[in-house]
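Here is how the chains run, residue by residue.
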Amino acid sequence: MKNEIKITIDDLYLKHLDANMQKNNLPSYSKTVEKLIHDSTDEFKGIPFDKFSINNRRYMGSKAKLLEFISNSINEVIGSYSSFVDIFSGTGVVGNYFNNTNTKVISNDLLYSNYITNYAFLSHESFNYNKIDCCINEFNNIKGKENYFSKHFGDKFFSKDTAKKIGTIRENIEKLYKKNEINFRERAILITSLIYASDKIANTCGHYDAYRENIDLKDDIFLKHLDIFHDKNSNNEIYNTDSNILFEQLNYNVDIVYADPPYNSRQYSSLYHLVENLARWEKPDVEGKASKMKNRKELNSKYCNKTAIETFEELISNVKAKYFILSYSNMGIKGNDRSNARMSEDDIKRVMRNKGKLIIKEMSHQPFSTGKSKIDDHKELLFICELK
């Protein structure tokens, strides 16, 4: 239909769709129809309608558009499995996709901000909906005061008033936690909602390496509930450590380890310094025009260095798994120097073939680009190794 509004439909609503459209004589599906279904169906009334889903955050290298390719490749090569380690989880979109009642998801990331996001969406720790709802309503109406965040990020990535509000909210979340009025997952949920709400209006091109100048800054930050109203997280584990030593903590075998390490010299601790600063709330000294944490190098990944292949070889030697899967963006030397891959395809093949039987899947995919590079014949590769 010409005027049909295309949106992503939650699977929970599908069985109610036809009946509600016929009953209300609605010619096409829209967000209005989804809300009508929500408000008129008993099983949905206790769940907030407008929520942040895990893939609602901008993140360089996100695999959100590759999930079906990854899943189909795993089903074809591996078949069934009961445990899945997302060892470089980022915002958690891959682990979340494979999260179900029959699969134990172990999520890990070196950045605390990603750990908090993963804990909010994937942890099995309980949370009080009414408490979260009350906090969100209070925070959305709070008046901001001058604070650490507004001092360093106001009139840069956010308007001064919005930065005041973000910093005031973050300070209040920490006070609630320190007074034991919220548990760790409730703290993670509120911080994640603040991160997602902030990212939605941030003055960036998708990361925080720099901000755009001479543009109008938005003042409409709005926290929402997260899409966590399900029972799929019962066996999950969430970690915040160096991927190469994760299995020293796990100390048990798993079915699949999925790895999506940084491909190039762009350090995520620098690209997402603001988000990391907001999540940690340790108020460190900052430097430069973008107000980056001075101590951010402590969070640098070895996979962004020239010794990345040696680090990767150590990783695959340390895991205890039936299958090791590597996502790889074959940038090679196609982009500018910062975008070029630190590990070559030939080196990856050599390391993985030495560890077991290797199968490679590929699909065409447009990579992240600053617009300075012409990238032809780009592919996303999936190296699937059945370990010896």
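Residues numbered from 1 in each chain as written. Predicted model: local features only at pLDDT ≥ 70, side-chain atom pairs only at ≥ 80, totals over all residues. Heavy atoms only, no water.

Here we look at the overall build of the protein
Phase 1: Counting its secondary structure elements, the protein contains 14 helices and 11 strands.
Phase 2: A burial count over the protein gives 55% of its 388 residues as buried.
Phase 3: For the protein, the share of sequence-separated contacts (at least 6 apart) that also reach a separation of at least 24 residues comes to 74%.
Phase 4: Total accessible area on the protein is roughly 18,700 Å²; 45% of this is exposed by carbon and sulfur atoms. (Helix = DSSP H or I, 4+ residues; strand = E, 2+ residues; numbered from the N terminus. Buried < 20%, exposed > 50% of the residue type's maximum accessible area, 1.4 Å probe, protein only. Contact = heavy atoms within 4.5 Å. Areas by Shrake-Rupley, 256 points an atom, 1.4 Å probe, with all protein chains shown as cover.)

Some points on the pairing of strand β2 (residues 83-86)
Phase 1: Burial of β2 is two-sided: the residues Ser83 and Val85 facing one way and the residues Phe84 and Asp86 facing the other way are all buried.
Phase 2: By the bridge criterion, 3 bridges tie β2 to strand β6 (residues 254-259) in an arrangement that is parallel. By the bridge assignment, Val85 is partnered in β6 with Val257. (Pairing = 2+ DSSP bridges.)

So, the packing of helix α13 (residues 308-318) against helix α14 (residues 345-353)
Phase 1: Relative orientation of the contacting elements α13 and α14 amounts to 25 degrees, with a least axis distance of 10 Å. In terms of orientation, α13 and α14 fall into the roughly parallel class. Judged by the twist between their axes, the crossing of α13 over α14 is right-handed. For the pair formed by α13 and α14, the contact residues are Ile309, Phe312, Glu313 and Ile316 on the first element and Asp347, Ile348, Arg350, Val351 and Met352 on the second. (Axes fitted to C-alpha atoms, helices over the stretch in contact; angles between N-to-C directions. Parallel < 35°, antiparallel > 145°, perpendicular 65-115°, else oblique. Left-handed = near helix turned anticlockwise from the far one by under 90°.)

So, the sheet that holds β2
Sheet strands line up and pair through hydrogen bonds in the backbone, either parallel or antiparallel.
Phase 1: Across the sheet, which stays open at both edges, the 7 strands sit in the order β5-β3-β2-β6-β9-β11-β10 with mixed pairing between neighbours. Of all the strands in the sheet, just β5 (237-239) and β10 (356-364) have a single pairing partner and so form its edges. Neighbour-to-neighbour, the strand axes of the sheet open up by a mean angle of 15 degrees, direction not taken into account.
Phase 2: With respect to the sheet, helix α3 (residues 67-77) is in contact with β2, β6, β9 (321-329), β10 and β11 (379-387), its orientation differing from that of β10 by roughly 145 degrees.

With respect to the environment of Thr192
Phase 1: Mapped onto the elements, Thr192 comes out in helix α9 (residues 184-201).
Phase 2: Among residues more than four places away in sequence, those in contact with Thr192 are Ile116, Thr117, Ala120, Phe121 and Leu226.
Phase 3: Here Ala188 takes part through its backbone oxygen, which lies 2.7 Å from a polar atom of the side chain of Thr192. (Polar contact = N/O pair within 3.5 Å; in protein donor to acceptor, adjacent residues only side chain to side chain.)

A word on helix α6 (residues 129-140)
Phase 1: Taking 1.5 Å of rise per residue, 12 residues should cover 16 Å, and α6 covers 16 Å from first to last C-alpha, within 8% of that figure.
Phase 2: Those residues of α6 that sit buried are Ile132, Cys135, Ile136, Phe139 and Asn140. Buried residues of α6, viewed axially, fall in a sector of 125 degrees; they line one side.
Phase 3: Turning to α6, the residues buried within the fold contact α8 (160-178), α9 and β4 (225-226). (Expected span 1.5 Å × (residues − 1). Arc of directions from axis to C-beta.)

As for unusual backbone geometry
Phase 1: Non-glycine residue Asp155 carries a positive phi angle of around 60 degrees.
Phase 2: Assignment of secondary structure puts Asp155 in the loop between α7 (148-153) and α8.
Phase 3: We note that Asn214 has phi near 60 degrees; this positive angle belongs to a residue other than glycine.
Phase 4: Note on placement: Asn214 falls in the loop between α9 and β4.
Phase 5: Among the residues examined, Asn214 registers a relative accessible area of 83% and is labelled exposed.

Examining the nonpolar core
Phase 1: Counting 74 residues, the largest nonpolar core has Ile74, Phe139, Phe149 and Phe158 as its most contacted members.
Phase 2: Ranked by residue count, the leading element in this core is α9, at 10 residues.
Phase 3: Excluding anything up to four places from it in sequence, Phe139 contacts Lys165, Ile169, Asn172, Ile173, Leu176, Leu190 and Leu223.
Phase 4: In this structure, Phe247, Ala259, Tyr303 and Cys385 belong to the second largest nonpolar core, which totals 33 residues. (Core = buried A, V, L, I, M, F, W, Y, C linked by side-chain atoms within 4.5 Å.)

Points about the packing of aromatic side chains
Phase 1: Enumeration according to the criterion identifies 27 aromatic pairs in this entry.
Phase 2: Ring plane angle 55 degrees and centroid distance 6.3 Å describe the contact between Phe153 and Phe157, whose orientation is recorded as tilted. Across the pair, Phe157 and Phe153 agree in class, each one buried.
Phase 3: Stacked on the ring of Tyr177, the Lys or Arg Arg187 has its end atom at 5.1 Å from the ring centre.
Phase 4: For Lys224, the ring lying beneath its charged end belongs to Phe52, and the centroid distance is 4.6 Å. (Phe/Tyr/Trp six-rings, centres within 6.5 Å; stacked < 30°, edge-to-face > 60°. Lys NZ or Arg CZ within 6 Å of the ring centre and 35° of its normal.)

Considerations on the side chain of Thr311
Phase 1: Mapping Thr311 onto the fold places it in helix α13.
Phase 2: Those residues in contact with Thr311 that sit more than four places away from it in its chain are Asn244, Lys302 and Tyr303.

Here's the deal with the pattern of salt bridges
Phase 1: Under the defined criterion, the tally for this structure stands at 19 salt bridges.
Phase 2: Residue Glu174 is joined to Arg187 by a salt bridge in which the shortest nitrogen-to-oxygen separation is 3.2 Å. Note that Glu174 is positioned in helix α8 and Arg187 in helix α9, a separation of 13 residues in sequence. The burial state of Glu174 is the same as that of Arg187; both residues are buried. (Salt bridge = Lys/Arg side-chain N within 4 Å of Asp/Glu carboxyl O.)

A short note on the environment of Trp281
Phase 1: Within the element layout of this structure, Trp281 appears in the loop between α12 (273-280) and β7 (286-287).
Phase 2: Residues Trp281 and Glu174, spaced 107 residues apart in sequence, show a C-alpha to C-alpha distance of 8.3 Å.
Phase 3: Those residues in contact with Trp281, other than ones at most four positions away along the chain, are Tyr148, Phe149, Gly167, Arg170, Glu171 and Glu174.
Phase 4: A polar atom in the side chain of Trp281 sits 2.7 Å from the side chain of Glu171.

Quick notes on the confidence of the model for the protein
Phase 1: Taken over all residues, the pLDDT of the protein has a mean of 88, while the share at 70 or more is 82%.
Phase 2: Confidence drops under a pLDDT of 50 for residues 1-9, and excluding neighbours within four residues, the segment shows 14 contacts in the predicted structure. (pLDDT = per-residue confidence, 0-100.)

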